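Structure assessment
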Amino acid sequence: MAVVRAYDACKKESLMDTPQNIYDDPGFFAGYSRLRKNTLNYNVLLEQPAFRNLLPDLTGKAVLDLGCGFGDACETYLRLGAAAVVGIDISEKMLEVALLQDSSRRIEYHRMDMLSIAGMGRRFDIITSSLAVHYIENFSTLTDAVGQCLNPGGIFLFSQEHPLTTAPLHGVRFLDDESGCSTAYLLADYGRPGFRSVEWFIDGVEKYHRTFSEIIDALIAAGFSVEAMAEPLPDDATLKKCPRMYREFIKPSFLIVRARKLSSC
């Protein structure tokens, strides 16, 4: 039976260490829900196909999905043969939808912050996270927690907003020609990692920028070997569906990383 367990933000961490729970904001949730209902979105056309291409064989595996949202990935993992699937999210609204969609009743859901997963006292073969880690301030804390929860040789597969996207302090900006066609991207503040406040459906959405070297160094320090990376680009068929995606060739939106926990760790 799928379950949601209440999460007390003060139990293991101070409130200051707890990520912003923006998805439970009514305005944000309404906007995000509209976006997900539109099949011509970047997640469906670009990020998810590339993410699935990097999934290992899930047959008989125990899988944990961090920031599971509506539970779509958890459902996919079951269809791909996973023996056990656990999804966690800090948003109560997201998990309510996930529970309604869980027709199999074989997925276990928990309402909790992904930095607290080591407290579950469980091990998994594969841990995934789609477009959620850029909400975490201390990536090293997350990679350490993931390492503690993975079996030796286990896979950590995650996607995030591309570091070139998260870099500018004042938001993404393309440079356009006289006809309004974007020709370049204004990169700024890449070397200033840390807090970013952006507008996405509502003002004040909190995210964190980190450089490529910070990402890779945190994985190495936590005992991971990086196996693959992807910066997905649209093919011709995708461009026909969504012509504005030509700007991905100027500045990619997503970074996807697959890392393996070293057996000696």
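Structure: see above.
The following paragraphs examine the structure supplied in this document. Every value quoted in this text rests on a predicted model; they were computed, and no experiment measured them. (Residues numbered from 1 in each chain as written. Predicted model: local features only at pLDDT ≥ 70, side-chain atom pairs only at ≥ 80, totals over all residues. Heavy atoms only, no water.)

Observations concerning the pattern of salt bridges
If you walk through the whole model with that rule in mind, you get five salt bridges. Asp-189 is the partner of Arg-192 in a salt bridge, and the nearest nitrogen-oxygen pair spans 3.0 Å. For Arg-192, a relative accessible area of 52% corresponds to the exposed category. Glu-227 is the salt-bridge partner of Arg-258, the closest N and O atoms lying 2.8 Å from each other. Taken as a pair, Arg-258 in strand S11 (residues 254-261) and Glu-227 in strand S10 (residues 224-230) lie far apart in primary sequence, 31 residues in all. The exposure class of Glu-227 is partly exposed, given its relative accessible area of 36%. The network of salt bridges with shared partners includes Glu-227, Arg-258 and Arg-260. (Salt bridge = Lys/Arg side-chain N within 4 Å of Asp/Glu carboxyl O. Buried < 20%, exposed > 50% of the residue type's maximum accessible area, 1.4 Å probe, protein only. Helix = DSSP H or I, 4+ residues; strand = E, 2+ residues; numbered from the N terminus.)

Section: the state of the cysteines
A covalent bond between the sulfur atoms of two cysteines is what we call a disulfide. Within this structure, the stated rule accounts for zero disulfides. Cysteine Cys-74 shares no disulfide, and the gap to the nearest cysteine sulfur, in Cys-68, comes to 5.0 Å. Using a relative accessible area of 0% as the deciding quantity, one classes Cys-74 as buried. (Disulfide = S-S within 2.5 Å.)

Here's the deal with the pairing of strand S5 (residues 150-161)
Within S5, nine of the twelve residues are buried, which leaves it mostly tucked inside the rest of the structure. In this structure, strand S4 (residues 124-130) lies alongside S5, joined through six bridges in parallel fashion. Looking at the pairing, Phe-124 lines up with Leu-150 of S5. For the crossover from S4 across helix H6 (residues 139-149) to S5, the handedness is right-handed. Summarising the sheet, S5 and S11 pair through seven bridges and their orientation is antiparallel. Paired with Gln-160 across the bridge in S11 is Leu-255. (Pairing = 2+ DSSP bridges. Right-handed = clockwise from strand over helix to strand, strands pointing away.)

Describing helix H5 (residues 92-101)
Along H5, the residues classified as buried are Met-94, Leu-95 and Ala-98. Here the buried residues of H5 occupy an arc of 95° about the axis, which is enough to place them on one side. (Arc of directions from axis to C-beta.)

Some details on the packing of aromatic side chains
Tallied over the full model, the rule gives five aromatic pairs. Grouped by ring-pair contacts, the aromatic residues Phe-139, Phe-156, Phe-158 and Phe-224 constitute a single cluster. Looking at Arg-247, its charged tip hangs above the ring of Phe-174, at a distance of 4.1 Å from the centre. A cation sits over an aromatic face here: Lys-251 above Tyr-185, 5.4 Å from the ring centre. (Phe/Tyr/Trp six-rings, centres within 6.5 Å; stacked < 30°, edge-to-face > 60°. Lys NZ or Arg CZ within 6 Å of the ring centre and 35° of its normal.)

The values are spatial; any link to function lies outside them.
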